[in-house]
Amino acid sequence: MTKKLSTNILDKLSIDYLRNQVLKNAYGNLDTVIAKRDPRVLLIWYLFFGLVPWFVDDLYFLMACFVLVLVTTYLAKITALVLFVFAIGVFSQSGYLFIVSLFFGGDVNTLIPLLILTLKVSTCSLASITVFSGLDPDRLANGLMWFNFPERLSFSISYAYRMLPLLMSEFQNVLLSFRMRGKAPSSEGFKGKVQYLIYQVKMIMQSFYPLMLNVAKRSRTTVEALEIRGYRNAATSKEVRKLKLADLQFTYDDALFIALSILWITAILLIKR
Amino acid sequence: MNIIEAENLSYRYPASDKAILDGLTLTIEKGDFLAIVGNNGCGKSTFCKTLNGLIPHFITGEFKGSVKINGHDTKTMTVSELAHMVGYVYQDFDNQIVRPTVLDDASYACLNYAYSDYLSRGKEALKLCGLQNKEKDYVFELSGGQTHLLALAGALALNPEVLILDEPIAQLDPGHADLIYGILKELNEVHGKTIIVIEHHSEYIAEYCHHVVLLKDGKCAFKLPTKEALNHVEELKEANIFVPQVTRVAYALKSRGYNWDRQLPISRDEGLEYFKGMDFWPNEKPASFKRGEVIVDFDHVILGYRTMSKKRHVVFKDLNLKIYEGDRLAIIGSNGAGKTSLLKMLVGLSKPLSGSLKIMGKDTSAYKPQDFAEYVSLVMQNPEQMFIADSIASDIAFAMKARNISDYEEKTAELLEAFELTALQNRDGRLLSGGQMRRASLAIGVALNPEILLLDEPTANLDMATRKEIMDTLSRMQDIIKTAVIATHDMQLVAEWANRIVVLHDGEVIADGDRDSIFADQRVIEEIGIRPPAVFDLAKELKADNRIYTVEEFVKQARV
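Nothing here was measured: the structure is a model prediction, and the numbers come from that model. Residue indices follow the written sequence of each chain, beginning from 1 at its first position. Think of it this way: whatever chain is written first is A, whatever ligand is written first is 1, and the rest follow in order. Where local features are concerned, this predicted model is filtered to residues with pLDDT of at least 70; where side-chain atom pairs are given and counted, the filter is 80 or more; whole-chain, interface and lining totals use all residues. Based on all heavy atoms of the structure, the side-chain values leave hydrogens and waters out of the count.

Focus: the overall build of chain B
Think of it this way: any DSSP run of H or I at least four residues long counts as a helix, any run of E at least two long counts as a strand, and we number them from the N terminus. A count of helices and strands for chain B gives 24 helices and 20 strands. For the radius of gyration, the atoms used are the C-alpha atoms, and the globule rule reads 2.2 Å times the number of residues raised to 0.38. Over its C-alpha trace chain B gives a radius of gyration of 25 Å, about what one expects of a compact globule, namely 24 Å for 560 residues. Viewed in the frame of its principal axes, chain B has a C-alpha envelope of about 70 × 60 × 50 Å. Note on exposure labels: buried denotes an accessible area under 20% of the residue type's maximum, exposed denotes more than 50%, and partly exposed covers the range between, all computed with a 1.4 Å probe on protein chains only. By the burial criterion, 55% of the 560 residues in chain B qualify as buried. Of all intrachain contacts in chain B linking residues separated by at least 6 positions in sequence, the fraction that spans at least 24 positions is 66%. Using a 1.4 Å probe, the Shrake-Rupley method yields the accessible areas, and only the shown protein chains count as cover for residues. Of the roughly 23,100 Å² of accessible surface on chain B, a fraction of 47% belongs to carbon and sulfur atoms. We treat Lys and Arg as the positive residues and Asp and Glu as the negative residues; His and chain ends play no part in the count. To locate a charge, the coordinates of NZ of Lys, CZ of Arg, CG of Asp or CD of Glu are taken. Positive and negative side-chain charges in chain B, numbering 63 and 80 respectively, have mean positions lying 2 Å apart. Residues count as neighbours in contact if any of their non-hydrogen atoms are within 4.5 Å of one another.

Okay, here's the thing in structure tokens:
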């Protein structure tokens, strides 16, 4: 059973799985409540839930925010991998702090401030996850453009997502070469496991150099193609900007989304009084 | 009317001290379908980049002479203006696609040039390329052929009068190659576009192009109507262009006095007329070979994977295949038939869902990829992916070093010598030429002296000279490697190299035999769309029981 479980986890962590998760995250959930929102609305929404919690210490308010972003994260159908990374991140943050505080004579009372910190961290992270992985990269880029972020930033976001699958399959191939031609140490026993892990990490690091060279070789064509296809023209043209932003629409549902968020937070604050 | 006029054009790249174009003068008429041929490094791509203004506007360097498009000098125009007149599809077309979905990419240029109807322009271009029902698809879900069509649509969207395609079919199977050329033909004939292809597949040149331009040392050696051009057999051969097989046969027989006063045929139909009434010596008996032990055994293998939408895609429903020692096995079938999946299983990259795969009699279900490496070695289609060290010498040594083989230094030196790489041993593989890269990848593949060597499309993407070089290397390797499997679309390679052919279709083995039985099987030929070598068809038309696969065999068997 344990063997099965461990191979299962190893299977899951293959590059194929990563690639699928990343793609699914970017393009797999286009019909969720979150993905359909006007990106401008979400960005303003994010400005609040990504910033304000840092400056407020009120437990009720933080709880309310936390529950709300929990719901939006659920609605955005975020992929398991992102949530997993999030969980590890938050846990290691406060878990580590808790142990440190115990060393310096803290006790269960330290839990309350730690809880507040954890809530702050998780609320902001979940809000980011909702906005940045719940939206499809192009809509996000257009939203940023509306707020006058430079065109280069919005192009980079959507181009990065276009490149990701490519980068991943290139990485997969290079890694495959290492796996076929290298020889991993046996993973028997604790020492073996450590050596195996070190070997894997080393392999991933060594893959980096051929990966970058291969991608660099490819990008020569991309740079020329972008020039022909008018990328530079678009970066400075006001009309292109107008065309790109034409399909941003503030709808009744967007208003509802904002209204519900405000209502929820005020309700909680009122109850507390 | 001339749409392109290049006069005394010279160009030198900034980092080079030799001019790549050196006084080139050439005119191209509106509505032409033109092939540009020439050696590697003769300036074909460079010339094409002067037409869309990338040179001199984007890539600097020393530019002399003039290029006029529709009477306008490219020096006085911007790249944007030229983009509306000249569309360009790169050889590595994957990299010119920059948007995530199909319609997005097709309309990208129109959006960038601020056409408010950019979406309908993109749709129009997709329709011309037969991609109208793929609009919402993601670009990474397309097949190679579809990706190429998308790149073409992206270039067409601005409605340019001239279309340039750099080696359009190098990476495609014959079915997709026909599709691309069919679309180009329509664009040329129905929509009046001027088409320029850089091409070395002379069979396609003969079938589709009106004119051929030969570039040599940065100059235009000739521009002639296709038939006349392909009659310059020797001159083209010097430039590493092999004329169609039928032309080569006629040329070889001419030296024996056959039809000495006639123009050489360039197509099958012309060939039938030209060789009418020819008599042949009987076929030679195929060389018999002894079948050895079973090395690989696929027993009721099922293989499938999940796609992004969580649907399960089944590649093999029930695969049964044995590979024997001494097999030179060619696996053929259209794209998506399961060729690559089969190779992947043999190196442990994917595992059967059920059924068993035995290698050298041992079950492989608990193997890791490195365990497969003891017996099986894979040479990937794209050699760049095999270069993981900083020089080819250390790449070749890599696997031996990892396995503590004591005399790996000697063995590396031997391999470098055998594959003629000694002089290049300290270079990074990526910086070598196409042929050198392939040779290096083959040397890496045989380094561990595997029982069985797998090659994925070893001749794809190569010009004819390099292709010949690799063919020679492959036949020399028969002394080192007893058993080899090649997955390929290249029927000339299959006919000349393989002693056994397996045909895959939708994940099933639908035929298994030698070249005589496979190429004579009308059902297989038609169902899978395999195209036997041109010379095979021709010989069979001339005399039904002819089994001739190469130009040399034809010349030998012809009774003249």
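Still more to cover.
Digging into the domain arrangement of chain A
Residue and element names in this part refer to chain A. Each domain span listed reflects an automatic or database assignment of domains. Structurally, chain A comprises domain 1 (1–30 + 137–236) and domain 2 (31–135 + 250–273). A straight line from the C-alpha centre of domain 1 to that of domain 2 covers 28 Å. On the domain 2 side, the residues contacting the 15 residues of domain 1 number 22 residues. Using a 1.4 Å probe, buried area is obtained as the accessible area two parts lose upon being combined, added over both of them. Summing the contributions of domain 1 and of domain 2, the shared interface buries around 1,600 Å²; its carbon and sulfur component is 62%. Each salt bridge in this description consists of a side-chain nitrogen of Lys or Arg and a carboxyl oxygen of Asp or Glu lying within 4 Å of one another. At the surface where domain 1 touches domain 2, the tally comes to zero salt bridges. Nitrogen and oxygen atoms within 3.5 Å of one another constitute a polar contact, given that in protein one can donate a hydrogen and the other can accept it, and given that sequence-neighbouring residues count only through two side-chain atoms. The tally of links from domain 1 across to domain 2 stands at two residue pairs in polar contact (both at pLDDT 80 or more). Those elements that place two or more of their residues in the side of domain 1 that touches domain 2 are helix 2 (15–28) and helix 7 (137–146). Ranked by residue count, the leading element in the side of domain 1 that touches domain 2 is helix 7, at six residues.

A word on the sheet that holds strand 3 (residues 33–38) of chain B
Residues and elements named next belong to chain B. Strand order in the open sheet made by the six strands is 6-7-8-3-9-10, with mixed pairing throughout. Pairing within the sheet leaves two strands with one partner each, and these edge strands are strand 6 (86–89) and strand 10 (219–225). Shown here is a sheet whose adjacent strand axes are inclined to one another by a mean of 20°, direction ignored. Two elements, strand 7 (residues 162–166) and strand 8 (residues 194–198), share five bridges in a ladder whose sense is parallel. Opposite V162, over in strand 8, you have T194 as the bridge partner. Docked against the sheet, helix 1 (residues 44–51) engages strand 3, strand 6, strand 7, strand 8 and strand 9 (211–216), running at close to 140° with respect to strand 3. Any two strands are treated as partners once DSSP identifies two or more bridges connecting them. Axis angles are defined between N-to-C directions and span 0 to 180 degrees, where every axis is a line fitted to C-alpha atoms and, for a helix, only to the segment in contact.

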